[in-house]
Amino acid sequence: MKILVTGGAGFIGSAFVRLVMAETGWEVVNLDKLTYAGNLENLAEVESSGRYRFVQGDIADQAAVGALVAETKPDAIVHFAAESHVDRSIISPEPVIQTNLLGTFRLLEAARLNNVPRFVHVSTDEVYGSLPAPEEATEKFPLQPSSPYSASKAGSDMLALSYFVTFRMPVVVTRASNNYGPYQFPEKLIPLMIANALEDRPLPVYGDGMQIRDWLYVDDHCRGILAVLDKGRAGEIYNIGGNRSLPNLDVIHKLLALAGKPESLIQYVKDRPGHDRRYALSSEKILRETGWRPKVDFETGLARTIEWYRANAPWVARVRSGEYRNYYERNYANRV
Ligand code: NAD
Ligand code: DAU
């Protein structure tokens, strides 16, 4: 088995590559542009393997993608590459549209023209938009994306599914909830709050902090994708949730307690425009059809994640130098 992974130098993609390399004998080709979010340090443990190959490139580059798919003839494409951050998609939507929509289209075309037997499009629960309690989105729920990021993911989901309907291409779409774990870029809630707390810096809470997210440990997500790659039915969507819904403030209280840091670090700041109040997912379908369920409970996963960031301060310092400072300034300076 040979798989082509896109975005394998990012947070979830690199966890997936490490898992596949550790637990299967498959060959892995990793296509990644190495944007601010891509980091080859995340793949240090696999880079010398003869079963692994890294290719730097843009999924929106038609010629490069076409040539790579034709040359590698993968048994499956697992498509993670995306501009993945909501706040950045609000500050600057252009790269989001370019990568998430046009890039996904280029990959689908290359897969179609080369008869790739399997295509997993990795998507998100954000496409369902904000849901009132106690609703949980099933795969049949309407799409109501709020941000340029979630709208681009909803659009790319639709495009991917159209390739099944129109061309009978064996596409499956996964929609996961909020991931957390080691190697996550410190722009997302949990790694940002951990990184700031460990340095006794303020924790910027948007609005009242009562927005609800469902938390999924990254390795559980990757095992869910493997389950769908193996058993998912072509043309189908599979939700992958952590079954652990929490208001952001609860997450932050737990995190501060585990890190041994004071609540006085919490700083309420101006809300995110168009901020979704509540995400909630039903993962009943993936359980029924593949037997997958999340294994890592939130408190264990959070403690493990804090320990990883504590032990990897040089990684954090490197990714927070340069471009990150400009982003932080742009996103947070006029919020306080
Ligand atoms: P990430 O931002 O950490 O990594 C994205 C990776 O894609 C990076 O390595 C980056 O270099 C690469 N990339 C970006 N644009 C590219 C391009 N044009 N060509 C090639 N490579 C490119 O993202 P993540 O959090 O690991 O998310 C991965 C996928 O999972 C995304 O599709 C995202 O929408 C989805 N997802 C994320 C979450 C979450 O909580 N992080 C939850 C559900 C779904
Ligand atoms: O739900 C899945 C999605 O989860 C993925 O598709 C996205 O790729 C991923 O970025 C994530 O989106 P969110 O917008 O939910 O994640 P984020 O970590 O940016 O924010 C989580 C919550 O925390 C949200 O309610 C906003 C809030 N927040 C976030 C940041 C960065 C704050 O209060 N302060 C912050 O500084």
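As the structure is a computational prediction, the values presented were derived from the model and not from experiment.

Moving on: the side chain of Asn239. Following the sequence through the fold, Asn239 ends up in strand E10 (residues 237-240). Take Asn239: its relative accessible area is 0%, and that puts it in the buried class. Within the structure, the side chain of Asn239 is placed 3.1 Å from the backbone oxygen of Ser282, a separation counted as a polar contact. Residues within four places of Asn239 in sequence aside, it is in contact with Tyr128, Ala137, Thr138, Glu139, Arg175, Leu281, Ser282, Ser283 and Ile286.

Around ligand 2, the structure places 25 residues, and the nearest of them are Asp125, Glu126, Tyr149, Arg272 and Tyr332. Here an oxygen atom of ligand 2 and a side-chain polar atom of Thr124 are 2.7 Å apart. Within the side chain of Asp125, one N or O atom sits 2.4 Å away from an oxygen atom of ligand 2. Burial of ligand 2 by the protein chains amounts to 95% of its free accessible area of 690 Å². If you list the elements that add at least two residues to the shell around ligand 2, you get helix H3 (86-91), helix H6 (189-198) and strand E8 (203-206). Take the shell around ligand 2: its biggest share by element is three residues, from E8.

In this section: the layout of surface pockets. Estimated volume of the second largest pocket: approximately 230 Å³. Elements with a contribution of two residues or more to the lining of the second largest pocket: H3, helix H4 (94-113) and helix H12 (323-332). Here the element with the most residues in the lining of the second largest pocket is H12; it accounts for four residues.

Time to look at the site of ligand 1. Neighbouring ligand 1 are 29 residues; Ile12, Asp32, Ser84, Tyr149 and Lys153 lie closest to it. Note that an oxygen atom of ligand 1 is positioned 3.0 Å from one of the backbone N or O atoms of Phe11. Surface burial for ligand 1 is 97%, taken as the share of its 830 Å² of free accessible area covered by protein chains. Listing elements by their share of the shell around ligand 1, those giving two or more residues are helix H1 (11-23), strand E5 (119-124), helix H5 (148-167) and strand E7 (178-180). The element that contributes the greatest number of residues to the shell around ligand 1 is E5, accounting for three residues. Of the residues in the shell around ligand 1, the class split is twelve nonpolar, twelve polar and five charged.

Turning next to the side chain of Ser283. Relative to the assigned elements, Ser283 resides in the loop between strand E12 (266-269) and helix H9 (284-290). Look past the residues within four positions of Ser283 in its chain and what remains in contact with it is Asn239, Ile240, Gly241, Asn243 and Trp292.

Here we take up the pattern of salt bridges. This structure, assessed with the given rule, holds 22 salt bridges. With a shortest N-O distance of 2.6 Å, Arg88 and Glu323 are connected by a salt bridge. With a gap of 235 residues between them, Arg88 in helix H3 and Glu323 in helix H12 connect regions that are remote in the sequence. Among the residues examined, Arg88 registers a relative accessible area of 11% and is labelled buried. A salt bridge links Asp208 to Arg277; the nearest nitrogen and oxygen atoms lie 2.7 Å apart. With a gap of 69 residues between them, Asp208 in the loop between E8 and strand E9 (212-217) and Arg277 in the loop between E12 and H9 connect regions that are remote in the sequence. Among the ionic contacts, a cluster of salt bridges with common partners joins Arg233, Glu236, Glu284, Lys285, Arg288 and Glu289.

This brings us to empty space enclosed by the protein. Per the counting criterion, the structure on display carries one cavity of 30 Å³ or more. One number sums up the size of the largest cavity: a volume of about 60 Å³. In this structure, the largest cavity is lined by Val86, Glu126, Ser146, Ser147, Ser150, Arg213, Arg272, Pro273, Gly274, His275, Asp276 and Tyr279. Residues belonging to the lining of the largest cavity are distributed by class as follows: three nonpolar, five polar and four charged.

Following both chains from N to C, one finds H1 and helix H7 (residues 218-231) inclined at 65°, their axes separated by 9 Å at the closest point. As far as their axial angle goes, H7 and H1 are roughly perpendicular. For the crossing formed where H1 meets H7, the hand is right-handed. Residues Phe11, Ile12, Ala15, Phe16, Leu19, Val20 and Glu23 of H1 form the contact with H7, whose participating residues are Val218, Asp219, His221, Cys222, Arg223, Ile225 and Leu226.

Rules used throughout
Residues numbered from 1 in each chain as written. Chains lettered and ligands numbered in written order. Predicted model: local features only at pLDDT ≥ 70, side-chain atom pairs only at ≥ 80, totals over all residues. Heavy atoms only, no water. Helix = DSSP H or I, 4+ residues; strand = E, 2+ residues; numbered from the N terminus. Buried < 20%, exposed > 50% of the residue type's maximum accessible area, 1.4 Å probe, protein only. Polar contact = N/O pair within 3.5 Å; in protein donor to acceptor, adjacent residues only side chain to side chain. Contact = heavy atoms within 4.5 Å. Near = heavy atom within 4 Å. Areas by Shrake-Rupley, 256 points an atom, 1.4 Å probe, with all protein chains shown as cover. 1 Å grid on protein atoms, 1.4 Å probe; cavity = no way out; pocket = protein on both sides within 12 Å on 5 of 7 lines; lining within 4 Å. Points joined across faces, edges and corners; volume = space filled by probe spheres on them. Nonpolar A, V, L, I, M, F, W, Y, C, P; charged D, E, K, R; others polar. Salt bridge = Lys/Arg side-chain N within 4 Å of Asp/Glu carboxyl O. Axes fitted to C-alpha atoms, helices over the stretch in contact; angles between N-to-C directions. Parallel < 35°, antiparallel > 145°, perpendicular 65-115°, else oblique. Left-handed = near helix turned anticlockwise from the far one by under 90°.

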